[in-house]
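Structural overview for review
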Amino acid sequence: MSEPGLREPLIFDLSKPGRGAASQFPPAPDGAEARRTVEIPQRLRRASRPRLPEVSELQAVRHFTRLSHLNFSIDSHFYPLGSCTMKYNPKACNTYAMLPEFLSRHPLAPEPQGFLACMFELQEMLKEITGMQGVSLSPMAGAQGEFAGVAMIRAYHRARNDTARTEIIVPQAAHGTNPATATMCGCTVKEIPCDRNGGIDLAALEAVAGPATAGIMLTNPSTLGVFEHRIAEVARIVHQAGGLLYYDGANLNAILGKVRPGDMGFDVIHMNLHKTFSTPHGGGGPGSGAVGVGPRLLPYLPIPLVGCRDGRYRWLTERELPSSIGRLSGFMGNAGVNLRAYVYMRMLGRQGMVRVSEFAALNANYLMKRLTAAGYEAAYPARRASHEFIITLRNESRLFEVTAMDVAKRLLDFGVHAPTTYFPLLVPECLLIEPTETETKEELDHFCDAMSEIRREMEREPEKLRSAPHTMPVRRLDDVRAVKQLDIAWKPGR
Amino acid sequence: MSEQVPEYLQYTRTHEWVRDLADGQVEIGITDHAQQALGDLVFVEMPQVGRELKAGEACAVVESVKAASDIYSPVAGRVAARNDELAKTPELINSDPYGAGWLMRVDRGSAPADGPLLTAAEYAQYVKEAG
Amino acid sequence: MPFVPHTPADVSDMLSAIGAGSIDELFDEIPEALKAGTLHGLPAALREMEVGRLLTERAAADGRLLNFIGAGAYEHHIPAPVWAIATRGEFYSAYTPYQAEASQGTLQLIYEYQSMICALTGMEAANASLYDGASALAEACLMAIRAKPESRRILIPRTVNPVYAKVAQTIARHQNVEFESTAIDRRTGRTDPDALKSSIRGNEAAALVIQQPNFFGNLEEIDELTDWAHANRLLVIAVVNPTSLAIFKPPGEWGSEESGNRGADIVCGEGQPLGVPLASGGPYFGFMATRLAHIRQMPGRIVGRTVDTEGRPGFTLTLQAREQHIRRSKATSNICTNQGLLVTAATIYLSLLGPEGLERVAASCAERTESLVQALTRIPGVAAAFETPRFHEAVLLLDRPASPVLAALAERGIAGGFDLGASHPELGHAMLVCATETKLDQDIDAYARAMRDAMQLPRGERGRPRRHHE
């Protein structure tokens, strides 16, 4: 019996020497042209051609189209992935960001007024939504926005000669990027626990806040899916200790147009435009991590940002912002992502923006209610869901010996992407579920029906869960082998 | 799954075990409870032989595919030996956490005894309460 | 309601299931005092037709310039299939492939991408991308420090893209990394080896950054520099242009055989030339590759091939314990989201071009740039700064400041180059020009005519004053 193969072969295995997508090749230089080339010495040249595939245009098109069929995506499946805000990415955002004039513009060419007008207005809209006084679009992802935020906090303290402030307070349930960012910024991390209702343990906060506190990093609603209603108290404690408040915008979708981070007392915020403002996730990126700041941090915003004087838009650089924390990218950040967010925000407008959080909350609370009616346990049953909520399978795991991962994998067989599993780590056997506002009641009902069916399976045939998924291109993969017999690049002749 | 907590070893709250050897040396590893919580181990990062450690200092890392955990030296002293077998076969920690899966030996020299370590009974109780 | 599908009946059914009287009630845990009123600063909603009109008008106002600027972003022909496929919803609207069974398309594509980056660079291991070339260099510097923790100093010669050096500083300085710049050899436009040799004291630096081709388009003597760095126990960080690797020696082979330590240690660069449009600066992607010995110090996601429970091959994210979602404050980097969609485009691009196509693109770029240099240096007051072998960029010296000349060219519809006056004053009135395979003879002729006009303007006269982004 032959070994089972890949559903779609590697592109390298489709390759044949001498084949190629010839209409894509520039002409081979003729003799006269070749003579114009400055001689490149042999020692700087490549000895043999790189092992890239040699395939026809149709072969390439078919290969990558077939690979695309092996993916779940928002366009094809319900994707209730908590903390990721997998909402519909309107096609118009892509279409208008890919107008040829936008695509062909070199970043160092004279400043394009039409494009910059969009960026300037985007900055203004983000300021209004967050209650901040300045916005820079230059961070290229949420984690880079976090970096910019903490670097600004450090710059602020340093400018005041307050150099002992090197601690960043982070709740235990925080996303891993928060502590990783603090380390990248040369800070140490002070973790504080959460209380029984998913709120911050204020006594623990008071105990750690002090003269070494640079700031605190928070999401609100928290990663536990509940709103921290004592946020004003948190702000008071941290500000009194001399620290600043950082708002991680991962969960901004929950409060869009309802509460503004600036009004809650935050000094700096990053937004994930690829979550709240619906730019595509692209199988892992690109994102955009725009940052907003209150008055104290304005001088430190990362450059470049867009300014407007006498009706003319221009990039503001080191010249105008000498105290900036500096540049984070080779040019202007993920400009094309920002343009997609701009189109989305213009289509939502003032009223549409508030509806985002309202219907995200409606969908989440509806799902939480239906799932608990079906026998699942909400981690924080006494609380409202924000735009997401947590189900814990701690009882099921004991009774039926199935895990949250088993449920997640089985959901794939029902044509639903798995919710986030095992995050936050505080809640045992958890599923973090975020439906987003763009899903219909019918889609939510289908999901609940699938979860009810899975619950029946747990009791009657748990093995069906443990061995799931059954209908995907592959079954569960051997992660241990992936590390121990590391195979991360194709090699010829295997 | 039942977890082994041998009587003859001492333990820490961070799930290391300590075995007294002759000549002021101790052997250090991670407990059965710890290896079960981590799952299949795939990588171990260990300190250089000769490095001076403080008690409670993070000195090694054990990694599974889903988690990574720091190892804190239960005692102060100088690293006298390390289990280089683990570089090739980190799964020894899973299969034999108190034997072939040992991590390192530390020479305590004439250093005074550190804070009290847990007895087997105390550690078993601690794990039960924490879990 | 835009992008909200609920009918009034849905809303009332759902509210009664929840047991809430209104949607507002769902926000009753938020203190009233904190609630925002109407956000008057936001504009009213536009329909797709209206937003389409607005964007189309703004794009038209920006127009299209005939582009001869490079300086880190390069205009290449992008085959039609590249974005037709990359924007398929199955790639475009998928998340990071954490659920491997439902993401085999993305995962296999990344594995193919990693393989292609290894093939181009001659290295053993590549990650699934970083944000862009500049931030990739910053990560490479931090990686070098982790691999060689006894030092906190990185040598970045002034032949390296100055913005890359700035970004590396922005990102790495919080970890007390120091950067030392070393001089350009003014005769050749390459890294000055003597300046380099006098730059370090003993074993004080962790790594030397070598950009090939360098910021001026010139080719460095990479074997000599690599051997010197390794002899002084420095790691070599190579910053390379991926198109050029079709014809130039891959970093994995830099250095002499005799040195016994051939090859760069970390390779990074800007992936934009591989099928990604210029688009005012992004999104692009950074690539990174290294030796297997350093793989645990490499930041970013990595895809590995393995088997499933039935022995069938498949792909999954691997070595994740380096990353922030597991290692938290001890992760190699805080990076989470990368530039997946751009990697998708690049993988399709490289598959269509293959070794021969990419070689032709590279050769054509080199030849087009020589044609451009010859055409422009026939004009009085314009000269080539260096005669060093180069790839697809060249430094031109003018008899006057470059800025007004570039402004006059822009008036004539030509983005003529990058003014080096601010970043490299030591070169005099210098500008950096670039011609890729997209520039036909008629384009080069048009540039030369415009340049002739611009150079005939009295020296004091300026076009309409325009500031250039630095």
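Coordinates for the structure precede this section.
The structure presented is a predicted model; accordingly, all values stated were derived computationally and were not measured.

**Comments concerning the overall build of chain C**
Regarding its fold elements, chain C presents 13 helices and 17 strands. Its C-alpha atoms put chain C at 80 × 55 × 50 Å along the principal axes. Residues counted as buried form 62% of the 470 residues belonging to chain C. Across chain C, the fraction of contacts at a sequence separation of at least 24, relative to all contacts at a separation of at least 6, is 76%.

**Thoughts on the overall build of chain A**
Within chain A one finds 16 helices and 13 strands. A compact globule built from 494 residues would reach a C-alpha radius of gyration of about 23 Å, and chain A, at 26 Å, matches this within 12%. Principal-axis analysis of the C-alpha atoms gives chain A an extent of 80 × 70 × 45 Å. In chain A, which comprises 494 residues, the proportion classed as buried is 61%. A fraction of 74% describes how many contacts in chain A between residues 6 or more apart in sequence connect residues 24 or more apart.

**Quick look at the interface of chain B and chain C**
Contact residues are listed per partner, giving 5 residues for chain B and 4 residues for chain C. Class assignment of the residues belonging to the side of chain B that touches chain C gives a composition of 3 nonpolar, no polar and 2 charged.

**Side note on helix H7 (residues 177-184) of chain A**
A large share of H7 of chain A lies buried, amounting to 8 of its 8 residues. Those residues of H7 of chain A lying buried are Thr177, Asn178, Pro179, Ala180, Thr181, Ala182, Thr183 and Met184 of chain A. Contact partners of the buried residues in H7 of chain A: helix H6 (142-159), strand E2 (167-171), strand E3 (188-192), strand E4 (213-218) and strand E5 (244-248) of chain A together with helix H10 (324-327) of chain C. Backbone geometry just downstream of H7 of chain A places Gly186 of chain A in the positive-phi region, at approximately 75 degrees.

**Describing the packing of helix H5 (residues 104-121) of chain C against helix H11 (residues 340-377) of chain C**
Residue and element names in this part refer to chain C. The contact between H5 and H11 brings their axes to 9 Å, and the two run at 60 degrees. As judged from the angle between their axes, H5 and H11 are oblique. Crossing of H5 over H11 shows left-handed handedness. Within the contact between the two elements, H5 uses Thr106, Leu109, Ile110, Glu112, Tyr113 and Met116 and H11 uses Gly340, Val343, Thr344, Ala346, Thr347 and Leu350. Taken together, the residues of the contact of H5 with H11 sort by class into 7 nonpolar, 4 polar and 1 charged.

**Structural notes on the sheet that holds strand E2 (residues 16-20) of chain B**
Residue and element names in this part refer to chain B. The 6 strands lie next to each other as E1-E2-E3-E9-E8-E5, forming an open sheet whose pairing is antiparallel. Of all strands in the sheet, those bounded by a partner on one side alone are strand E1 (10-11) and strand E5 (52-53). Judged from the 2 bridges that link them, E1 and E2 form a sheet pairing that is antiparallel. Its bridge partner being in E2, Tyr11 is matched across the sheet by Trp17.

**Quick word on the pairing of strand E8 (residues 305-309) of chain A**
Residues and elements named next belong to chain A. Sheet analysis places E8 next to strand E9 (residues 312-316), joined by 5 bridges and oriented antiparallel. Paired with Val306 across the bridge in E9 is Trp315. Connecting E8 to the antiparallel partner E9 that follows it, the hairpin turn spans 2 residues, and Asp310 within it adopts a positive phi of roughly 50 degrees.

**Side note on the interface of chain A and chain C**
The partner chain C presents 175 residues to the 176 residues of chain A that form the contact. Among the elements that make up the side of chain A that touches chain C, the one with the highest residue count is helix H11 (residues 335-373) of chain A (21 residues). Across the side of chain A that touches chain C, the residue classes tally to 91 nonpolar, 46 polar and 39 charged.

**Considering the pairing of strand E6 (residues 58-64) of chain B**
All names here are of chain B. With 5 of its 7 residues buried, E6 lies for the most part within the structure. Relative to E6, strand E4 (residues 41-45) is paired through 4 bridges, and the arrangement is antiparallel. Paired with Glu45 across the two strands is Val61, which belongs to E6. Two strands pair when backbone bridges link them, and E6 and strand E7 (residues 68-72) are joined in this way by 5 bridges, in the antiparallel orientation.

**As for the nonpolar core**
Within the largest apolar cluster, 346 residues are counted, with the highest numbers of intra-cluster contacts made by Cys141, Ala207 and Ile237 of chain C. If you tally residues by element for this core, the top one is H11 of chain A, at 21 residues. Residues in contact with Ile237 of chain C, not counting those within four places in the same chain, are Ala140, Cys141, Ala144, Ala207, Val209, Ala264, Ile266 and Cys268 of chain C.

**Brief notes about the sheet that holds strand E13 (residues 382-384) of chain C**
Residues and elements named next belong to chain C. Taken together, the 4 strands give an open sheet; going across it, the order is E13-E14-E17-E16, and neighbouring strands pair in antiparallel fashion. Each having just a single partner strand, E13 and strand E16 (418-419) make up the two edges of the open sheet. In this structure, E13 lies alongside strand E14 (residues 393-398), joined through 3 bridges in antiparallel fashion. Looking across to E14, one finds that Val382 is bridged to Leu398. The sheet contacts of H11 involve E13, E14 and strand E17 (430-434), and relative to E13 the element is tilted by about 140 degrees.

**Quick look at helix H13 (residues 441-456) of chain C**
Residues and elements named next belong to chain C. In this model, H13 (16 residues) spans 23 Å end to end at C-alpha, consistent with the 22 Å of a helix rising 1.5 Å per residue. Among the residues making up H13, those that are buried are Ile444, Tyr447, Ala450, Met451 and Ala454. Down the axis of H13, the buried side of the element spans an arc of 125 degrees, and every buried residue falls inside it. Along H13, the residues that are exposed and aim more than 90 degrees away from the buried face are Asp441, Gln442, Asp445 and Gln456. At its buried positions, H13 is contacted by strand E1 (66-67), H11, E13, helix H12 (402-411) and strand E15 (414-415).

Conventions we followed
Residues numbered from 1 in each chain as written. Chains lettered and ligands numbered in written order. Predicted model: local features only at pLDDT ≥ 70, side-chain atom pairs only at ≥ 80, totals over all residues. Helix = DSSP H or I, 4+ residues; strand = E, 2+ residues; numbered from the N terminus. Buried ≥ 20, exposed ≤ 12 C-beta atoms within 10 Å, placed from the backbone. Contact = placed C-beta atoms within 7 Å. Rg over C-alpha atoms; globule rule 2.2 N^0.38 Å. Nonpolar A, V, L, I, M, F, W, Y, C, P; charged D, E, K, R; others polar. Axes fitted to C-alpha atoms, helices over the stretch in contact; angles between N-to-C directions. Parallel < 35°, antiparallel > 145°, perpendicular 65-115°, else oblique. Left-handed = near helix turned anticlockwise from the far one by under 90°. Pairing = 2+ DSSP bridges. Core = buried A, V, L, I, M, F, W, Y, C linked by C-beta atoms within 7 Å. Expected span 1.5 Å × (residues − 1). Arc of directions from axis to C-beta.

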